[in-house]
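Structural description and commentary
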Amino acid sequence: MSQTVSGRLKIGLSACFSHADPARSLFTNKTLQYVEQSIAHWLMSAGAMVVMVPCPTGETARGDTKLSHYAEWLDGVVMHGGADVWPGSYGEVPLKDAWIGDRIRDLYDLALVEAFEQAGKPIFGVCRGLQLINVAFGGTLYQDIEAQHPNAQRHRDPVTYDQNFHEIRVTPGSRLSHLYPGMETARVNSIHHQGVKDLAPGFEVEAWSIPDHVAEAIRRRPDRGRSYIAATQWHPEFHQYGATDTVDDTAILQDFLWACATAKVSPRGPLRSAPGRIRNRAARLLRQALLMN
């Protein structure tokens, strides 16, 4: 029996950015904000209603809608993949021009995480989303795993893209291990070249890549935070429905949506003081426009 509209969860999805480009023939010199189709469909597969959360700032900005309004209205948010995280967001200088990332999107993403953290709403991250969450709460990243991590395997292949895979080992006793009982290792897609270097305080690693030991799933410890925050370095939304050669995404999705449903019926209330918990060196300049009422 189909759910009523009022009974469906409303899940926010962070925006990707295609910045204004005078050489682009379509939408010439216009900034585009968009979502990748498969991650929206992944959330919708469980009956959720998906809403892209647009960045409220920019040269065309109008009105008084803030990210905090979305955090109050929605039941949870997914931070999805895309461009590199700017190394300046975690206090480093880019080692190569190619690794400069997207500073503007970082500012937006950091403010979006802070809005949902303050509202006590669940947050889930995918790929860049995991890296951004780690940075937001005080962690750092490898700017390039192959260049900086000893004995690293190839975590991104631009030719094979979502058909590049590797093995992971699930951390015993973790929430992820309880979601997949008896599964000690699994095969996942791998489409990233950055990764967790220093883990954010209050978080734990729930899966590691094999054999090079790069963090592949993280979660905030429940005793250290007000709300659910978890993330995977792989893309669960890219799992082919019914396939058995890669880890099934169903349990991960249901875990996040259960947290959203629980928070909906038992709201934690707004959290208005979290000094230093969200990494926002540059984002402080945009705090009023991006986040606060």
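So, how was this worked out
- Within any chain, residue numbers begin from 1 and follow the written order of that chain's sequence.
- Selection of residues for local features in this predicted model requires a pLDDT of at least 70, selection of side-chain atom pairs for listing and counting requires 80 or more, and totals for whole chains, interfaces and linings are taken over all residues.
- The basis for the side-chain values is all heavy atoms of the structure; hydrogens and waters are excluded.
- The helix and strand labels rest on DSSP assignments: H or I over at least four residues marks a helix, E over at least two residues marks a strand, and numbering proceeds from the N terminus.
- Contacts between residues were defined by any pair of non-hydrogen atoms, one from each residue, lying within 4.5 Å.
- To be clear on the numbers: accessible area is Shrake-Rupley with a 1.4 Å probe, and residue cover counts the displayed protein chains and nothing else.
- Pairing between strands is defined by DSSP: at least two bridges between the two strands are required.
- Each axis is a line fitted through C-alpha atoms, taken for helices only over the stretch in contact, and angles between the N-to-C directions span 0 to 180 degrees.
- Remark: exposure states derive from per-residue accessible area (1.4 Å probe, protein chains only) relative to the maximum for the residue type, with buried under 20%, exposed over 50%, and partly exposed in between.
- Salt bridges, as used here, are contacts in which a Lys or Arg side-chain nitrogen is within 4 Å of a carboxyl oxygen on Asp or Glu.
- The charge count includes Lys and Arg as positive and Asp and Glu as negative, but it does not include His or the ends of the chains.
- In protein, a polar contact requires one atom able to donate a hydrogen and another able to accept it; more generally it is a pair of N or O atoms within 3.5 Å, and residues adjacent in sequence count only if both atoms are side-chain atoms.
- The pairing test for Phe, Tyr and Trp rings, Trp by its six-membered ring, is centres within 6.5 Å, and the orientation test on the planes gives stacked under 30 degrees, edge-to-face over 60, and tilted for anything in between.
- Two conditions define a charge sitting above a ring: the NZ of Lys or the CZ of Arg must be within 6 Å of the ring centre, and it must be within 35 degrees of the ring normal.
- For classification purposes, angles smaller than 35 degrees are called roughly parallel, those larger than 145 roughly antiparallel, those between 65 and 115 roughly perpendicular, and all remaining angles oblique.
- In this count, Pro and Cys sit with the nonpolar residues alongside Ala, Val, Leu, Ile, Met, Phe, Trp and Tyr, while Asp, Glu, Lys and Arg are called charged and the others, Gly among them, polar.

**Section: the overall build of the protein**
- Looking only at helices and strands, the protein has eight helices and 13 strands in total.
- Within the protein, residue pairs in contact and separated by at least 24 positions form 71% of the contacts whose partners lie at least 6 positions apart.
- Accessible surface for the protein amounts to roughly 14,100 Å². Of this, 54% is attributable to carbon and sulfur atoms.

**Things to note about the sheet that holds strand β6 (residues 123–126)**
- The nine strands lie next to each other as β4-β1-β5-β6-β13-β12-β11-β8-β9, forming an open sheet whose pairing is mixed. Two strands lie at the open edges of the sheet, namely β4 (49–53) and β9 (185–189), each paired on one side alone. Each neighbouring strand pair of the sheet contributes to a mean axis angle of 25°, computed without reference to strand direction.
- Relative to β4, strand β1 (residues 10–14) runs parallel, the two being bridged by five bridges. Looking at the pairing, Lys-10 lines up with Met-49 of β4.
- Of the strands in this sheet, β1, β4, β5 (76–79) and β6 touch helix α1 (residues 37–44), which is tilted by about 165° from β1.
- Relative to β6, helix α4 (residues 128–136) is tilted by about 125°, and along the sheet it contacts β5, β6, β11 (203–210), β12 (215–220) and β13 (229–232).

**Details of unusual backbone geometry**
- For the bond from Ile-210 to Pro-211, the omega torsion is 10°, close enough to zero to count as cis.
- Topologically, Pro-211 is positioned in the loop between β11 and β12.
- Positive phi, normally seen in glycine, also occurs at Cys-127, with a value near 55°.
- Along the polypeptide, Cys-127 turns up in the loop between β6 and α4.
- Phi angles above zero are rare outside glycine, and Asn-151 is one such case at about 60°.
- Counting through the fold element by element, Asn-151 comes out in the loop between α5 (145–148) and β8 (165–170).
- Given the relative accessible area of 75%, Asn-151 is considered exposed.

**Digging into α4**
- Along α4, nine of the nine residues are buried, which leaves the element largely enclosed by surrounding structure.
- Taken as a whole, α4 has its buried residues at Arg-128, Gly-129, Leu-130, Gln-131, Leu-132, Ile-133, Asn-134, Val-135 and Ala-136.
- Where α4 ends, the next residue or the one after it, Gly-138, has phi of about 110°, a positive value.

**Some thoughts on the pattern of salt bridges**
- A complete count under the given rule lists ten salt bridges for this structure.
- Between Asp-106 and Arg-128 there is a salt bridge, and its shortest N-O distance comes to 2.7 Å. With Asp-106 in helix α3 (residues 103–119) and Arg-128 in helix α4, the pair connects residues that are 22 residues apart, well separated along the chain. A single burial state applies to Asp-106 and to Arg-128, both of which are buried.
- Among the ionic pairs, Asp-109 bridges to Arg-128, the shortest N-O distance being 2.9 Å.

**Some words on the side chain of Asp-212**
- Relative to the helices and strands, Asp-212 resides in the loop between β11 and β12.
- The buried charged residue Asp-212 lacks any salt bridge partner; its closest oppositely charged side chain belongs to Arg-169, at an N-O distance of 11 Å.
- At 2.8 Å, the side chain of Asp-212 forms a polar contact with the side chain of His-155.

**Thoughts on the packing of aromatic side chains**
- Tallied over the entire structure, the rule returns six aromatic pairs.
- Ring plane angle 40° and centroid distance 5.8 Å describe the contact between Phe-124 and Phe-256, whose orientation is recorded as tilted. Taken together, the positions of Phe-124 in strand β6 and Phe-256 in helix α7 (residues 250–265) put the pair 132 residues apart, joining distant regions of the chain.
- Residue Phe-124 is classed as buried on the basis of its relative accessible area of 2%.
- Centre to centre, the rings of Phe-137 and Phe-203 are 5.5 Å apart; their planes meet at 50°, and the pair counts as tilted. Placement of Phe-137 in the loop between α4 and β7 (141–142) and of Phe-203 in strand β11 is noted, with a sequence separation of 66 residues between them. Each member of the pair Phe-137 and Phe-203 is classed as buried.
- A network of ring pairs unites the aromatic residues Trp-42, Phe-124, Tyr-228 and Phe-256 as a single cluster.
- Note that Arg-187 overlies the ring of Phe-165, its terminal NZ or CZ placed 4.1 Å from the centroid.

**Details of the environment of Ala-119**
- Among the structural elements, Ala-119 can be located in helix α3.
- Expressed as a C-alpha distance, the spacing of Ala-119 and Leu-74, which sit 45 residues apart in the sequence, is 9.9 Å.

**Quick look at the packing of α3 against α4**
- Put simply, α3 and α4 touch, their axes get as near as 10 Å, and they point 70° apart. The angle between α3 and α4 falls in the class roughly perpendicular. Two secondary-structure elements touch here, α3 through Arg-105, Asp-106, Asp-109, Leu-110 and Val-113 and α4 through Arg-128, Leu-132 and Ala-136.
- When its residues are assigned to classes, the contact of α3 with α4 shows four nonpolar, no polar and four charged.

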